[in-house]
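An overview of the molecular structure
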Amino acid sequence: MSDHPPIVVWFLCAVVGGLVLGCSEPAPVDVAEGQFVAEVGGSVTDTLRGPVHYRMRDGNLVGLELGSPNGAGVSVELDPRPLAPGTYAIVDGPLFGDAADASETAGAMAFLTTRDAEFTAARGTLTVERVQGETVAATFSFEMRGRMHRGGGDAGVQVEGRLRAPPSRD
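Another aspect to go through is the overall build of the chain. What the chain contains, in helices and strands, is one helix and nine strands. Sequence-ordered secondary structure for the chain, helices as α and strands as β, is α-β-β-β-β-β-β-β-β-β. Within the chain, residue pairs in contact and separated by at least 24 positions form 50% of the contacts whose partners lie at least 6 positions apart. Total accessible area on the chain stands at roughly 10,000 Å², and carbon and sulfur atoms take up 55% of it.

Structural data, given as structure tokens:
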């Protein structure tokens, strides 16, 4: 028999079980179809919400547009890859790798425009969690660098969010 009281054993089992279950699957992307939400922190602090869609070219996912054309938002350019779950890592350099080799991590570039500043991602990822029909569900986390419009000073932000994007109908 164990030297530990039964309550301690039950507590340890519950903690370990919770950790295992908590790590088994990513959190669901809990935004309405056609919408995104992003938390911006750092030199600019804001919560961005609005419309989102993705762009395809030759059967490959190539970009995401988060926000209205004339407002604050995020634009993401992606290495062309088939529309499927996967991770895109922010790259410092040219995109458009070989779409035929989907085993490698694809590259991405991301840009944030606000009323007061413009930013380019320096690090981070966009993870396509699921594709259902024509809707893409994804999460993203970007560390971005840029400049403030007024005063012209260097600035940095962290942007984290989630989206459920239909294809562009343009």
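That shown, we press on.
The subject of this paragraph is the nonpolar core. Of all hydrophobic cores here, the largest spans 34 residues; its most connected members are Leu 112, Leu 126, Phe 142, Met 144 and Leu 163. Each residue touching Phe 142, except ones within four places of it in the same chain, is listed here: Val 74, Val 76, Ile 90, Ala 110, Ala 121, Arg 123, Gly 124, Thr 125, Leu 126, Val 157, Gln 158 and Val 159.

Time to look at the packing of aromatic side chains. The description of two aromatic rings rests on the distance between their centres and on the angle between their planes. Following the criterion strictly, the structure yields one aromatic pair and no others. Seen in terms of ring centroids, Phe 140 and Phe 142 are 5.4 Å apart; in terms of plane orientation they differ by 25°. Their pairing is stacked. Exposure remark for Phe 140: the relative accessible area of 4% places this residue in the buried category. Given the relative accessible area of 1%, Phe 142 is considered buried.

For the rest of this paragraph, the subject is unusual backbone geometry. Within the chain, Asp 58 stands out as a residue other than glycine whose phi angle is a positive 55°. In this fold, Asp 58 is placed in the loop between strand S2 (46-57) and strand S3 (60-66).

What follows deals with the pairing of S3. For S3, the tally of buried residues reaches six of seven residues, placing the bulk of the element in the interior. In terms of strand pairing, S2 meets S3 through six bridges, oriented antiparallel. The residue of S3 that forms the bridge with His 53 is Glu 65. Connecting S2 to the antiparallel partner S3 that follows it, the hairpin turn spans two residues, and Asp 58 within it adopts a positive phi of roughly 55°. As judged from the six bridges shared by S3 and strand S4 (residues 73-82), these two strands associate in the antiparallel manner. Bridging across to S4, Glu 65 finds its partner in Ser 75. Between S3 and S4, which follow one another and run antiparallel, lie six residues, and Gly 67 among them has a positive phi close to 115°.

Here we come to the pairing of strand S8 (residues 135-148). Relative to S8, strand S7 (residues 117-132) runs antiparallel, the two sharing 14 bridges. Bridging from a neighbouring strand, Thr 120 pairs with Arg 145 of S8. Between the antiparallel neighbours S7 and S8 lie two residues, among them Gly 133 with a positive phi of about 60°. Two successive antiparallel strands, S8 and strand S9 (residues 154-165), enclose a turn made up of five residues, where Gly 151 displays a positive phi of approximately 90°.

A few words now on the environment of Gly 71. Mapped onto the elements of the fold, Gly 71 is located in the loop between S3 and S4. The spacing of Gly 71 and Leu 48 is 23 residues in sequence and 10.0 Å in space, taken between C-alpha atoms.

Let us now look at the side chain of Thr 135. Relative to the helices and strands, Thr 135 resides in strand S8. Not counting the four nearest positions on each side in its chain, Thr 135 is found in contact with Glu 33, Arg 130, Arg 164 and Ala 165.

What counts, and where the lines are drawn
- Residues numbered from 1 in each chain as written.
- Predicted model: local features only at pLDDT ≥ 70, side-chain atom pairs only at ≥ 80, totals over all residues.
- Heavy atoms only, no water.
- Helix = DSSP H or I, 4+ residues; strand = E, 2+ residues; numbered from the N terminus.
- Contact = heavy atoms within 4.5 Å.
- Areas by Shrake-Rupley, 256 points an atom, 1.4 Å probe, with all protein chains shown as cover.
- Core = buried A, V, L, I, M, F, W, Y, C linked by side-chain atoms within 4.5 Å.
- Buried < 20%, exposed > 50% of the residue type's maximum accessible area, 1.4 Å probe, protein only.
- Phe/Tyr/Trp six-rings, centres within 6.5 Å; stacked < 30°, edge-to-face > 60°.
- Pairing = 2+ DSSP bridges.

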